[in-house]
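Tertiary structure, described
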Amino acid sequence: MPKDRSKRRNLLRPIAEAGHCGVFLIRMLAGIRLERGLLISTLQQTYMIGARSLVIIMICGFFVGMVLSLQSINALQQFGASDQVSLLVGKSLFRELGPVLTALLFAGRAGTSIAAEIGLMKATSQIEAMQLMAIDPVQRIALPRFLAGVISVPLLTALFNAFAIMGAVIFSVGVMGLDPGVFWSKLQTGILFGKDFMGGVWKSVVFGGIISLIAVFFGYYAKPTGEGVGTATTQTVVLSSVLVLIFDFIMTSFLI
Amino acid sequence: MQDPIIRISNLVYRRGTNIILDDVSMDIKRGSIVAIMGPSGVGKTTILRLISGQLHPNHGSVEINGQHISKLSHHELYRCREDIGVLLQNGALFTDLTVFENIATPLREHTDLSEEEIKDRVMAKLESVGLANTSDLMPHSLSGGMARRVALARAVIMNPKIVLFDEPMTGLDPIAMSTVARLIKKTNDNLGLTSVIVTHNVVQMTKLVDYCFVLAGSKLIAEGSPQALMHSSEPAVDQFMNGRVEGPLSFNSPKP
């Protein structure tokens, strides 16, 4: 009997955890006010987690664009349609690869750093000190980081896409000798603002929210030990990557 | 007789099946410096957490200025905490803020003071703990004693009525220890505070405090002036106060 109960408890734990995370999100969102303090700390965090991810996003975007055009040209040449490469690269980037890869890179670069930072603040009693000063750490610590994540990921996605297109142009036009006019005109006429561009923007907003929520939640409830901080960091990157891919499928099925 | 500022009545606190505090009662006089002493792991810090409302008693009550702490709503508890300063064991300074910003945090959060007034108040507090020239330093560049003094300045920046100290002397060299002890005394007298110090440093406490409570085996075993306790005929009190190896208090931890 007790074995059954513990099995049931283990099965129900993810549901309870998801509920707990939902309550945490509501607690955070309830604190959104147009205040100078929140604005400043959100901007600071946007710089810390967003601006500092720029280099990795630019490098990855550039090489993803190059490899995508290499693969596409290789495949399209068989059908004599290599002039369609910019359309294929653009559609794949704006709809899927841009938001998803940026989100995965963001989870590895910024999500882990958010979880580790908050976990460490907990381990060194800084969160406790804040509560004792009658300052709500959810509002003061978690909310600015969450908002910064929601703001940063779409901006980073745009940058990723721009560098990927740049990589694709350099490879297709510079290396493979494709006509630049054809490349740009196919891209301009083939990419739809509503479906392709905005679809990607919505996805990246949701991914930013998922990653930063998971990061602040696991950081905030990390065990106040070195091992606890490590576990929170690992859980953040694993769970947020999985959720990004699941939500990508769900959103794509609605947006397509 | 004047009403005590803190009244703990028949307090029982359990963690799982372990009884941490059993039927503990204390009255703490307004304006006094009081020590709660006892061997490590006896529940001294737990009492501080019960006073600050971080924990709730299983039985009995904690009253501050006549308010039952465990019956307050979240909002009321945060209001009440504005009158309580806490110095945690390691200082718990915010590692991402300068010394100045650490001390200014409660003022920015709870008052509408101008930047000029905040600067004046923070610098006055830093001056009072002898660290006026450290305002731009980051916490990691301070020594243990300096960090503790900055934490003291932060704990009293809101001019609280009560300050709770959790092991303020732990890990300090003798000079830093005496400096912190003198500052606690000076701050208490100048600001008319009530100070509650949790410690096992008997030597420093006998010089500093007006009244002591001694905990052992989950119970309050003695109370009185430090001098009276030093000469207590109660074997457990005598063993603890005079640091004797032989006696009723066991060095080994009790069975869970």
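It should be emphasised that the depicted structure is a prediction, and the values quoted were computed from it without experimental measurement.

Further remarks concern the overall build of chain B. Tallying secondary structure elements over chain B gives nine helices and 10 strands in all. For a compact globule of 256 residues, the expected C-alpha radius of gyration is about 18 Å, and chain B comes in at 19 Å, within 12% of that figure. Seen through its C-alpha atoms, chain B measures out along the principal axes to roughly 55 × 40 × 40 Å. Scored against the burial criterion, the 256 residues of chain B give a buried share of 41%.

Attention shifts here to the sheet that holds strand β1 (residues 6-15) of chain B. Residue and element names in this part refer to chain B. As summarised here, the arrangement of the four strands in space is β2-β1-β4-β5, forming an open sheet in which the pairing is antiparallel. Strands with a single pairing partner mark the edges of an open sheet, and in this sheet they are β2 (18-28) and β5 (67-68). Two strands pair when backbone bridges link them, and β1 and β2 are joined in this way by seven bridges, in the antiparallel orientation. Among the inter-strand pairings, Arg-7 is bridged to a residue of β2, identified as Asp-27. The strands that helix α1 (residues 44-51) touches are β1, β2 and β4 (59-64); relative to β1, the one it contacts most, it runs at about 120 degrees.

With that settled, the discussion passes to the confidence of the model for chain A. Taken residue by residue, chain A gives an average pLDDT of 92. The fraction at 70 or more is 99%. When the elements of chain A are averaged for pLDDT, helix α1 (residues 2-29) of chain A gives the smallest value, 86, and helix α6 (residues 137-175) of chain A the largest, 95.

A few words on the nonpolar core. By size, the foremost hydrophobic cluster in this structure holds 141 residues, and its most contacted members are Val196(B) and Val214(B). If you tally residues by element for this core, the top one is helix α4 (residues 85-123) of chain A, at 18 residues. Filtering out sequence-adjacent residues up to four positions away, Val214(B) remains in contact with Met37(B), Gly38(B), Ile221(B), Ala222(B), Glu223(B), Leu229(B), Val237(B) and Phe240(B).

Time to look at the environment of Gly53(B). All names here are of chain B. Position of Gly-53 among the secondary structure elements: in the loop between α1 and β4. Along the sequence, Gly-53 and Leu-77 sit 24 residues apart, while their C-alpha atoms lie 7.2 Å from each other. Not counting residues within four places of it along the chain, the set of residues in contact with Gly-53 comprises Ile-69, Leu-72 and Leu-77.

Attention now moves to the interface of chain B and chain A. Interface extent is often summarised as the accessible area lost during association of the parts. With 15 residues of chain B at the interface, the matching set in chain A holds 10 residues. At the level of elements, α2 (74-81) and α3 (99-110) of chain B are the ones that each hand at least two residues to the side of chain B that touches chain A.

Moving on, we get to unusual backbone geometry. Although it is not a glycine, Ala134(A) sits at a positive phi angle of roughly 60 degrees. As for its position among the elements, Ala134(A) is in the loop between α5 (126-132) and α6. The phi torsion at Asn159(B) lies on the positive side, around 50 degrees, for a residue other than glycine. Within the secondary structure layout, Asn159(B) lies in the loop between α5 (144-156) and β7 (162-166).

Cut-offs used in this document
Here the residue index of a chain counts from 1 through its sequence in written order. For naming, the first written chain is A and the first written ligand is 1, with later ones following in the order written. The predicted nature of this model means local features are confined to residues of pLDDT at least 70 and side-chain atom pairs, given and counted, to a pLDDT of 80 or more, with totals for whole chains, interfaces and linings taken over all residues. The helix count covers DSSP runs of H or I at least four residues long, the strand count covers runs of E at least two residues long, and both are numbered beginning at the N terminus. Radius of gyration: C-alpha atoms only; globule rule: 2.2 Å multiplied by the number of residues to the exponent 0.38. We call a residue exposed when 12 or fewer other C-beta atoms sit within 10 Å of its C-beta, buried when the count reaches 20 or more, and partly exposed for counts in between; the C-beta positions come from the backbone. Note on pairing: DSSP must find at least two bridges between two strands before they are called paired. Placing C-beta atoms from the backbone, we regard two residues as in contact once those atoms come within 7 Å. The axes used here are C-alpha line fits, helices contributing only the stretch in contact, and every angle between their N-to-C directions lies in the interval 0 to 180 degrees. Think of pLDDT as the predictor's per-residue confidence, scored from 0 to 100. Note on terminology: a nonpolar core is any set of buried Ala, Val, Leu, Ile, Met, Phe, Trp, Tyr and Cys residues joined through C-beta atoms within 7 Å.

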